[in-house]
Amino acid sequence: MKKLMIGFFIITLFSTVGVAQDWYNTNQATVAWDPTVYQLDAGETIVYRTYLANAKTDPDKANPALIGETAALEYQFTFTEKGNYFVGVQSVIKVDGEDVSESTIGWSDDPLFAAGGATFGLRFYPAPDAPVGLRPVLN
């Protein structure tokens, strides 16, 4: 029984090590990614759509918010609402400016898409008001 319990502990320990996720507290963050590998023909371009999914209210990322579109390999996210967010990026092929094909969305909490498997999320908490009514308390 003791060997069974030790084995269970070791398996549990190693299975949770791989799911560690970093959270970064910020009001603004630039996220970068590697370029999509694709042979473009004349008139074709690749752009990247950026998304945010609220980790608490939409953990399955069923209703992500489209934030922007860029041809660059990075995007600056600015947060105005309190929350924990996963970042998503999608490759889109355009022909003469029209969408013709798109990839799945790669999410920052998925080790298949995060650089080196290091998953992450971005967290924003607005600063609270400063205390007022300061006064001495004399005994």
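Just so you know, these numbers come straight off a predicted model, no measurement behind them.

> Even after reading the chapter, I still don't get the nonpolar core, so can you show me in this structure?
In a soluble, globular protein the nonpolar side chains are often hidden away together inside. Membership of the largest hydrophobic core comes to 16 residues, with the highest contact counts inside it found for Val31, Leu52, Phe77, Phe79, Val87 and Leu122. In contact with Phe79, other than residues within four places in its own chain, are Thr26, Asn27, Gln28, Leu52, Tyr85, Leu122 and Phe124. In terms of nonpolar packing, the next biggest core, distinct from the first, is built from 6 residues, Ala53, Ala55, Ile105 and Trp107 among them.

> What's the story with unusual backbone geometry in this structure? I'm lost.
In terms of backbone geometry, most residues other than glycine have negative phi values and most peptide bonds are trans. Of note, the phi angle at Lys61 is positive, near 60 degrees, even though the residue is not glycine. Along the polypeptide, Lys61 turns up in the loop between β3 (44-54) and β4 (65-70). Phi angles above zero are rare outside glycine, and Asp96 is one such case at about 50 degrees. Within the element layout of this structure, Asp96 appears in the loop between β6 (83-95) and β7 (98-102).

> Looking at this structure, I do not really get the packing of aromatic side chains. What am I missing?
For any pair of aromatic rings, geometry is given as the distance between the ring centres together with the angle between the planes. Within the structure shown, the criterion is met by 6 aromatic pairs. Where Tyr75 meets Phe77, the ring centres are 5.1 Å apart and the plane angle is 65 degrees; that geometry is what we call edge-to-face. Taken together, the aromatic side chains of Phe79, Tyr85 and Phe124 make up a single cluster linked through ring pairs. Positioned over the ring face of Trp107 is Lys61, at 5.9 Å from the centre of the ring.

> Is there a simple way to think about the confidence of the model for the protein chain in this case?
If pLDDT is low for a region, its predicted coordinates should not be looked at in detail. With 86% of its residues at a pLDDT of at least 70, the protein chain reaches an overall mean of 89. Across residues 4-18, where pLDDT falls below 50, the model places 0 contacts with residues more than four positions away in sequence or in other chains.

> What's the story with the environment of Ala72 in this structure? I'm lost.
By the secondary structure assignment, Ala72 is in the loop between β4 and β5 (74-78). Counting along the chain gives 39 residues from Ala72 to Trp33, while the straight-line C-alpha distance between them is 9.3 Å. With near-sequence residues (within four places) excluded, Ala72 lies in contact with Trp33 and Tyr48.

How each quantity is defined
For every chain, the first residue of the written sequence is number 1, and numbering continues from 1 along that sequence. With the structure being a predicted model, the display of local features is reserved for residues of pLDDT at least 70 and the display and counting of side-chain atom pairs for 80 or more, all residues being used for whole-chain, interface and lining totals. Note: side-chain values were computed over all heavy atoms of the structure, leaving out hydrogens and water. By nonpolar core we mean a set of buried residues, namely Ala, Val, Leu, Ile, Met, Phe, Trp, Tyr and Cys, connected to one another through side-chain atoms within 4.5 Å. Note on exposure labels: buried denotes an accessible area under 20% of the residue type's maximum, exposed denotes more than 50%, and partly exposed covers the range between, all computed with a 1.4 Å probe on protein chains only. Residue contacts are defined here by distance: any two heavy atoms, one from each residue, within 4.5 Å place the two residues in contact. Numbering of helices and strands starts at the N terminus; helices are DSSP runs of H or I of at least 4 residues and strands are runs of E of at least 2. For this analysis, a ring pair means two rings from Phe, Tyr or Trp (six-membered ring only for Trp) whose centres lie within 6.5 Å, classed as stacked if their planes differ by under 30 degrees, edge-to-face if by over 60, and tilted for the remaining angles. The rule is short: NZ of Lys or CZ of Arg within 6 Å of the ring centre and within 35 degrees of the ring normal puts a charge over the ring. pLDDT runs from 0 to 100 and stands for how confident the predictor is about each residue.

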